[in-house]
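Examining the three-dimensional arrangement
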Amino acid sequence: MSSTDSKKEIRYVGVKENLAYGFANAGQVFGYNLVAGGYLSLFFTKVFGIPVEAVSTMILFLGIWDTVNDPLMGGIVDKTRTKYGKLRPYLLIIPIPLSIATILLFSGPLILADAKTTTVKIVYMYISYIIWELFYTLGDVPFWGMSSAISPSPSDRTRAISTARFLSGLIGGLSTSILVLLMDASEHNIIGLSLPQVFCLMAVIAGTFGTGLFSLAGLCTRERVVQSVKEPSVIDGFKVMFKNKPLMLIICANVIGTLSGLAGVFQSYYYAEVVNINSLFLIINLPGTILGFVTYLLIPKLKARLDNRQIIFLNGFCRAVTSVVVFLIGMNYYNRIAVVVPLLMVQNLIFSFFNTVQSVIPTEMIGDTIDYMEWKTGERNEGVSFSVLTFTGKLTGSMSTALATALLPVIGLSYQKIDGVQTAVKGEHTDLLLWAFFILVPNVLGLLALIPYIWYDLTGEKLGTIRRELAIRRKDNSKLVVGGEENE
């Protein structure tokens, strides 16, 4: 074998397993998109008829709880040792209860159609969302942990993450597309379904089709990176997380990034209440979606020129500059479809490239921090470490949804029941403020999330040295550990 060939990375993950992992993420995201962004807020306020204050408080409370709950679940996952590994057992079991929880969450308006008091609705909202959140976490933490444990090869991991993000965008994104089309059809009396029935129908589809795909993660993937013989305690997992400086920097950046999540929430209200066409964003996003899929092919070329930290900075600055230009151009035309559609198409074309890259790079960086701590301490903590990805993602979603929902009455938007239908009531400047919080504010504030990355140093030769030394250690460890499947 030539010296050039000896330096090539072994490919452990085949095409079928890679696709199974990707389709599993697509199914998971199909259901999650019903909860993400502004749709959960819109569902509880406009469809379920729960007061804005109660919805905002609940989402904020559970977002804060996630900062404890997700790392706790991650610690439990790290402690698991079975012949199937520590991650797969959860991926085999969770899809069924998650399916039931998703359907129950969005069935509230139908189940409580004759409820006499709002209090009953609020109680149902809390219970159903807490149950859904529990099972989603128990599936999400090991799923993303698998992106690191599926192979010791960095290239394999990048392919797995890219495939997962690509297919989740292609298939998982269909849930919101179908949802807004059905919402428009319902509100314009094109179909004989009410908004509560529309959301319930989508939950049933997500709970069957979506979780069916998600089950592929447990059925068709393998853990190849061996775990330590010692089972770490849950407390040890927390200690390791706080000792992992690069990981803590990512946590700080993601928490600050909560502010950028406002865009997704205000987007749903902008389309629903300013231009009054929920599905308009499908047309606006179409060119960017197509370009975004092509971008996955460009990620290796981009990584050949820039390291992960440089890519993060490039993404943040380009998004901020673009949003300022788009806001200023559309400031006087935000309610004119003839202007808004081409303007937002251009913005989304620019954003699509960076959104695609952003969906892969941070996940890969967390995998690097796991390798770093294995190199430093001999312990791997996929559960606790990837709980950072899940809880900061949910924290960003929860905090931004809670904050945006709380801001609705401040900017003059509220809902009143008129002739049995939840109807929007707006102030003089509400539409302009919705435009600002949709386009400008989140992306400019998102620059603050770049600050922690100034001190992130898992790049270049340091990262290369860690990977080379770990490859030698893992060959020795693979003979001692049950539950890992290191390929020869």
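To be clear, the structure that these remarks concern was listed above.
In this report, we go over the structure that sits alongside the text. (Residues numbered from 1 in each chain as written. Predicted model: local features only at pLDDT ≥ 70, side-chain atom pairs only at ≥ 80, totals over all residues. Heavy atoms only, no water.)

Along an α-helix, residues three or four positions apart point the same way, because every turn accommodates 3.6 residues. Under the 1.5 Å per step criterion, the end-to-end length of helix α16 (residues 280–295) is 24 Å for 16 residues, consistent within 8% with the ideal 22 Å. Of all the positions in α16, only L280, F281, I284, G288, G292 and T295 are classed as buried. (Helix = DSSP H or I, 4+ residues; strand = E, 2+ residues; numbered from the N terminus. Expected span 1.5 Å × (residues − 1). Buried < 20%, exposed > 50% of the residue type's maximum accessible area, 1.4 Å probe, protein only.)

If you look at the biggest cluster of nonpolar residues, it comprises 88 residues, and the most contacted ones within it are F44, F266, Y270, Y271, L344 and W435. For this core, the leading source of residues is helix α8 (residues 118–149), giving 11 residues. When neighbours within four sequence positions are excluded, L344 is seen to be in contact with Y271, I284, V326, W435, F438 and I439. In this structure, I250, L302, L458 and I466 belong to the second largest nonpolar core, which totals 25 residues. (Core = buried A, V, L, I, M, F, W, Y, C linked by side-chain atoms within 4.5 Å. Contact = heavy atoms within 4.5 Å.)

Turning our eyes to something else, we now look at the side chain of R319. In this structure, R319 sits in helix α18 (residues 308–330). Buried and without a salt bridge, R319 has D307 as its closest oppositely charged side chain, separated by 18 Å. In this structure R319 touches F351, N355 and N443, once residues within four positions along its chain are discounted. (Lys, Arg positive; Asp, Glu negative; His and termini not counted. Salt bridge = Lys/Arg side-chain N within 4 Å of Asp/Glu carboxyl O.)

Taken as a whole and assessed by the stated rule, the structure comprises 9 salt bridges. Between E273 and K46 there is a salt bridge whose closest N-O contact spans 3.5 Å. Here E273 is found in helix α15 (residues 262–273), whereas its partner K46 is found in helix α3 (residues 38–47), with 227 residues between them in sequence. The same class applies to E273 and to K46, which are both buried. A salt bridge links D371 to R157; its shortest N-O distance comes to 2.7 Å. Pair noted here: D371 is in helix α19 (residues 337–377) and R157 is in helix α9 (residues 154–172), with a separation of 214 residues, a long-range link. In this pair, the class of D371 matches that of R157, namely buried. Each of K46, E187 and E273 takes part in salt bridges that share partners, so that together they form one network.

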